[in-house]
Amino acid sequence: MSLVQTFKNIWTIEELRKRILVTLLLVLVYRLGCYVVLPGISPSDIDALASFTNKSGLMQLLDMFSGGAFSQASIFALGIMPYITASIVVQLCGMILPSFQKMQREGESGRQKLNQYTRYLTVLILCMQAPAYLANLQLTVNNAANAHVMALGLWTYIYLTIILAAGSMFIMWLGERITDRGIGNGISFIILVGIIARLPGALFYEFTSRLPGTSGSQGGLVMFIVEIILLFAVTVGAVLLVQGTRKVPVQYAKRIVGNRQYGGARQYIPLKVNAAGVMPIIFAQAIMFIPMTIAGYRGGETGFLHAFTDINSFWYNIIFFILIVAFTYFYTAITVRPTDMAENLKRNNGFIPGVKPGKKTAEYLDAIMSRITLPGSLFLGIVAILPAFARFFGISQNFAQFFGGTSLLIMVGVVLDTLQQVESHLMMHHYDGLMKDGKIKGRTTGQAY
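Just so you know, these numbers come straight off a predicted model, no measurement behind them. (Residues numbered from 1 in each chain as written. Predicted model: local features only at pLDDT ≥ 70, side-chain atom pairs only at ≥ 80, totals over all residues. Heavy atoms only, no water.)

(A) A look at the overall build of the protein. For the protein, the count of helices and strands is 18 helices and 5 strands. Considering the protein as a whole, with its 449 residues, one finds that 43% of them fall into the buried category. Once local pairs closer than 6 in sequence are excluded, the contacts in the protein between residues at least 24 apart make up 69%. With an accessible surface of roughly 23,700 Å², the protein has 65% of that area assigned to carbon and sulfur atoms. (Helix = DSSP H or I, 4+ residues; strand = E, 2+ residues; numbered from the N terminus. Buried < 20%, exposed > 50% of the residue type's maximum accessible area, 1.4 Å probe, protein only. Contact = heavy atoms within 4.5 Å. Areas by Shrake-Rupley, 256 points an atom, 1.4 Å probe, with all protein chains shown as cover.)

(B) Expanded view of the pattern of salt bridges. Under the defined criterion, the tally for this structure stands at 4 salt bridges. Residues Glu 15 and Arg 19 are paired through a salt bridge, measuring 3.5 Å at the closest nitrogen-oxygen approach. Of this pair, Glu 15 and Arg 19 both sit in helix α2 (residues 14–33), 4 residues apart, roughly one helical turn. Of the residues examined, Glu 15 reaches a relative accessible area of 41% and is grouped as partly exposed. Of the charged contacts in the structure, one is a salt bridge between Arg 119 and Glu 176, with a shortest N-O distance of 2.7 Å. Separated by 57 residues along the polypeptide, Arg 119 in helix α7 (residues 108–142) and Glu 176 in helix α8 (residues 154–181) bring together distant segments of the chain. (Salt bridge = Lys/Arg side-chain N within 4 Å of Asp/Glu carboxyl O.)

(C) Spotlight on the nonpolar core. Ranked by size, the top nonpolar core spans 61 residues in total, and within it Tyr 30, Ile 80, Ile 195 and Phe 320 carry the most contacts. What Ile 195 contacts, discounting residues up to four positions off in sequence, is Met 64, Phe 65, Phe 402, Ser 407, Ile 410 and Met 411. (Core = buried A, V, L, I, M, F, W, Y, C linked by side-chain atoms within 4.5 Å.)

(D) Local environment of the environment of Asp 180. For Asp 180, the position within the fold is in helix α8. Here Asp 180 falls in the partly exposed class, since its relative accessible area comes to 46%. As for Asp 180 and Arg 19, which are separated by 161 residues in sequence, their C-alpha atoms are 9.2 Å apart.

(E) Quick look at helix α9 (residues 186–196). With 9 of 11 residues buried, α9 lies mostly within the body of the structure. Residues Gly 186, Ile 187, Phe 189, Ile 190, Ile 191, Leu 192, Val 193, Gly 194 and Ile 195 constitute the buried set of α9. Regarding α9, its N-cap is Asn 185, as a side-chain oxygen of that residue lies 3.3 Å from the backbone nitrogen of Ile 187 further along. (Polar contact = N/O pair within 3.5 Å; in protein donor to acceptor, adjacent residues only side chain to side chain.)

(F) Structural context of the side chain of Glu 227. Positionally, Glu 227 belongs in helix α11 (residues 220–243). In this view, Glu 227 contacts Glu 206, Arg 210, Ile 395, Phe 399 and Phe 403; residues no more than four positions away in its chain are not counted.

(G) Main features of the packing of aromatic side chains. Evaluation of the coordinates by the stated rule reveals 7 aromatic pairs. Centre to centre, the rings of Tyr 30 and Phe 76 are 6.0 Å apart; their planes meet at 10°, and the pair counts as stacked. On the criterion of sequence distance, the pair formed by Tyr 30 in helix α2 and Phe 76 in the loop between α4 (57–65) and α5 (81–96) is long-range, its members being 46 residues apart. By relative accessible area, which is 3% here, Tyr 30 ends up buried. A relative accessible area of 4% means that Phe 76 is categorised as buried. Ring centres 5.4 Å apart and planes at 70° place the aromatic pair Phe 207 and Phe 224 in the edge-to-face group. Taken together, the positions of Phe 207 in helix α10 (residues 199–209) and Phe 224 in helix α11 put the pair 17 residues apart, joining distant regions of the chain. For Phe 207, a relative accessible area of 33% gives the class partly exposed. Here the aromatic residues Tyr 30, Phe 76, Phe 170 and Trp 173 are joined through ring pairs into a cluster of three or more. (Phe/Tyr/Trp six-rings, centres within 6.5 Å; stacked < 30°, edge-to-face > 60°.)

(H) Broad picture of the packing of helix α16 (residues 359–392) against helix α18 (residues 405–428). Two elements in contact, α16 and α18, have axes separated by 7 Å at closest approach and are oriented at 120°. The angle between α16 and α18 places the two elements in the oblique class. Contacts between α16 and α18 involve Leu 380, Val 383, Ala 384 and Pro 387 on the former and, on the latter, Gly 405, Leu 408 and Leu 409. Taken together, the residues that form the contact of α16 with α18 break down as 6 nonpolar, 1 polar and no charged. (Axes fitted to C-alpha atoms, helices over the stretch in contact; angles between N-to-C directions. Parallel < 35°, antiparallel > 145°, perpendicular 65-115°, else oblique. Nonpolar A, V, L, I, M, F, W, Y, C, P; charged D, E, K, R; others polar.)

(I) Up close: the packing of α10 against α11. Between α10 and α11, the least distance of the axes is 8 Å, while the angle of their chain directions is 150°. With respect to α11, the element α10 is oriented roughly antiparallel. Counting all contacts with α10, which are made through Leu 203, Glu 206 and Phe 207, the residues of α11 involved are Leu 221, Phe 224, Glu 227 and Ile 228. Its residues assigned to classes, the contact of α10 with α11 comprises 5 nonpolar, no polar and 2 charged.

(J) Region of the structure containing a nonpolar patch on the surface. Taken together, Leu 25, Leu 28, Val 29, Leu 32, Phe 170 and Trp 173 make up a surface patch of nonpolar side chains, about 560 Å² in accessible area. Elements represented by at least two residues in the nonpolar patch include exactly α2 and α8. With 4 residues, α2 is the largest single contributor of residues to the nonpolar patch. Note that Leu 25 resides in helix α2. (Patch = residues over 30% accessible without salt bridge, like charges linked within 9 Å, V, L, I, M, F, W, Y side chains within 5 Å.)

(K) Structural context of α5. When the terminal C-alpha atoms of α5 are compared, their 23 Å separation across 16 residues agrees well with the 22 Å that a helix rising 1.5 Å per residue should span. Those residues of α5 lying buried are Pro 82, Tyr 83, Ile 84, Ala 86, Ile 88, Val 90, Gly 94 and Met 95. (Expected span 1.5 Å × (residues − 1).)

(L) Just the environment of Gly 244, in detail. Secondary-structure assignment places Gly 244 in the loop between α11 and β1 (245–252). Considering only alpha carbons, one finds Gly 244 and Pro 270, 26 residues apart in sequence, at a separation of 9.2 Å. Other than its neighbours up to four places away in sequence, Gly 244 contacts Leu 271, Lys 272 and Val 273.

(M) Quick look at unusual backbone geometry. In this structure, Ala 73 is a non-glycine residue whose phi angle is positive, near 50°. Tracing the chain through its elements places Ala 73 in the loop between α4 and α5. Exposure remark for Ala 73: the relative accessible area of 0% places this residue in the buried category.

Written out as structure tokens, the structure reads:
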């Protein structure tokens with residue numbers, strides 16, 4: 001009954017109710033757009049593209065992040081990933097280039113400039129990816145041994161490229177509207193919707209493939225129940241990875257200002273076990289696309305290079321795991337800066353008990369980050385390659401993608417972030433949160449940032 005009462009409380013808050021309805025409406029618009037096919041594409045062309053996508057693990061990943069629009073030759077086929085790529089590039093520039101660092105320190109005006117650069121870069125990436133998508137579509141259809149032969153001319157390439165670019169920019173606009181007027185981070189929420197949209201179909205296919213009498217059936221319904229239990233366990237592990245923190249106690253010196261006393265409270269610095277999030281996986285996948293591209297241009301190599309065209313191969317996953325561990329350390333080192341944290345503590349009359357302020361505090365925080373990043377990076381790498389293990393035990397490719405990788409971490413992270421926002425609205429109106437016991441992290445007080 002407490003859960004029912006919580007939903008009643010959510011519906012009672014007018015602002016929260018409007019935000020949820022706006023989010024659902026914009027998500028509905030996005031899902032409808034995923035089924036609007038590009039002009040000039042016939043049903044046989046879509047069948048050929050869907051068949052090719054289902055045979056390629058890499059294409060299935062792209063199709064998952066686009067919510068199925070990639071295999072449907074939709075106007076939203078390129079999805080939101082070009083914007084994500086542009087955001088990553090701009091973020092890296094902010095860590096390397098002084099001019100971008102200056103804009104980051106300018107506050108709201110600097111943020112608007114960076115957003116504008118991100119949009120320009122997104123358009124540039126779309127102008128490169130859209131023709132590549134159309135060329136792949138034409139090659140796939142012509143290799144499908146159909147009576148229909150697709151021949152796209154120059155002007156067809158131009159106007160379809162404009163349509164694909166406009167579709168992705170419209171998705172970006174929807175994401176920004178969800179962020180402003182809805183619940184959660186809009187861009188992340190759209191990715192979440194695209195991933196979840198594939199789950200019912202993958203789950204149904206896995207269930208029917210395990211039924212007795214089905215061709216190739218192994219283990220029956222017992223195996224299907226075991227798969228669901230393992231999926232639940234992996235999800236719990238991903239939640240622990242996302243939520244895991246190391247609390248470093250901080251003491252603030254007492255100050256008397258007038259008749260009031262400030263400071264003296266004991267707080268803490270929450271150092272995340274996985275401070276890099278899903279960025280190491282995204283970086284590693286970008287690197288792994290290079291040998292795939294080389295192998296494709298050379299006509300399908302056999303041997304070591306050919307192993308990188310199969311996301312379930314041994315060498316692909318070994319190199320993928322090593323890259324994720326390396327990128328986790330790299331990204332954590334450039335985002336979490338113990339020296340700045342130590343300076344901020346010293347400036348605010350804070351100190352870690354038993355540790356001298358300044359350089360010693362920075363060294364202490366750096367040592368803690370090094371220790372907790374190792375298990376975090378190893379666990380992140382294991383989660384990333386779990387789909388390959390799932391495929392090894394006979395789980396279908398579509399369903400195996402939900403056993404780990406970027407999709408699982410994005411789902412867990414976005415759901416937790418959305419629940420935190422809903423809970424903050426409930427707490428502001430003096431209602432109980434979504435969970436009375438074991439509250440969602442991020443709501444607890446006494447943190448020092």
